[in-house]
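Survey of secondary and tertiary structure
So you can see what is in the structure, the chains are spelled out below.
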Amino acid sequence: MNSPYRKTSDNTWIITVQENNETKELYLEFPPDALDQVGWDEGDTLIWEELPNGSFSIKKAVDDKD
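The notes below deal with the structure included here. As the structure is a prediction and not an experimental result, all values here were calculated from the model.

1. Considerations on the overall build of the protein
- Helix and strand counts for the protein come out as one helix and six strands.
- Projecting the C-alpha coordinates of the protein onto the three principal axes gives extents of approximately 45 × 30 × 25 Å.
- Scored against the burial criterion, the 66 residues of the protein give a buried share of 11%.
- In the protein, the proportion of contacts linking residues at least 24 apart, taken out of those at least 6 apart, comes to 14%.
- On the protein, roughly 5,800 Å² of surface is accessible, and the fraction owed to carbon and sulfur atoms is 47%.
- Computed over 6 positive and 15 negative side-chain charges, the separation of the two mean positions in the protein equals 4 Å.

See the structure below:
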């Protein structure tokens, strides 16, 4: 199987949307280097945003409890 992601620059990756064969749910598998770089951990809430040029941005949700 090919990797579901490829690095295109120091801070940019192309990630393939995958499908769970049993549940048919879609998911993304993030590269470990990308998670380390942005400080995300498993279980974090992420915000998926479509940009005007048709690409997407994903950011960690900010916790307003502070």
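2. Some points on the environment of Phe30
- Here Phe30 lies in the loop between β4 (26-27) and α1 (32-38).
- Distance in space between the C-alpha atoms of Phe30 and Ile15 is 7.2 Å, their sequence separation being 15 residues.
- Not counting residues within four places of it along the chain, the set of residues in contact with Phe30 comprises Tyr5, Ile15, Leu35, Trp40, Leu46 and Ile58.

3. Examining the side chain of Ser57
- Here Ser57 shows up in strand β6 (residues 56-60).
- Judged by relative accessible area, which is 17%, Ser57 ranks as buried.
- Setting aside residues up to four positions removed in sequence, Ser57 forms contacts with Ile47, Trp48, Glu49 and Leu51.

Criteria and cut-off values
- Residues numbered from 1 in each chain as written.
- Predicted model: local features only at pLDDT ≥ 70, side-chain atom pairs only at ≥ 80, totals over all residues.
- Heavy atoms only, no water.
- Helix = DSSP H or I, 4+ residues; strand = E, 2+ residues; numbered from the N terminus.
- Buried < 20%, exposed > 50% of the residue type's maximum accessible area, 1.4 Å probe, protein only.
- Contact = heavy atoms within 4.5 Å.
- Areas by Shrake-Rupley, 256 points an atom, 1.4 Å probe, with all protein chains shown as cover.
- Lys, Arg positive; Asp, Glu negative; His and termini not counted.
- Charge placed at Lys NZ, Arg CZ, Asp CG, Glu CD.

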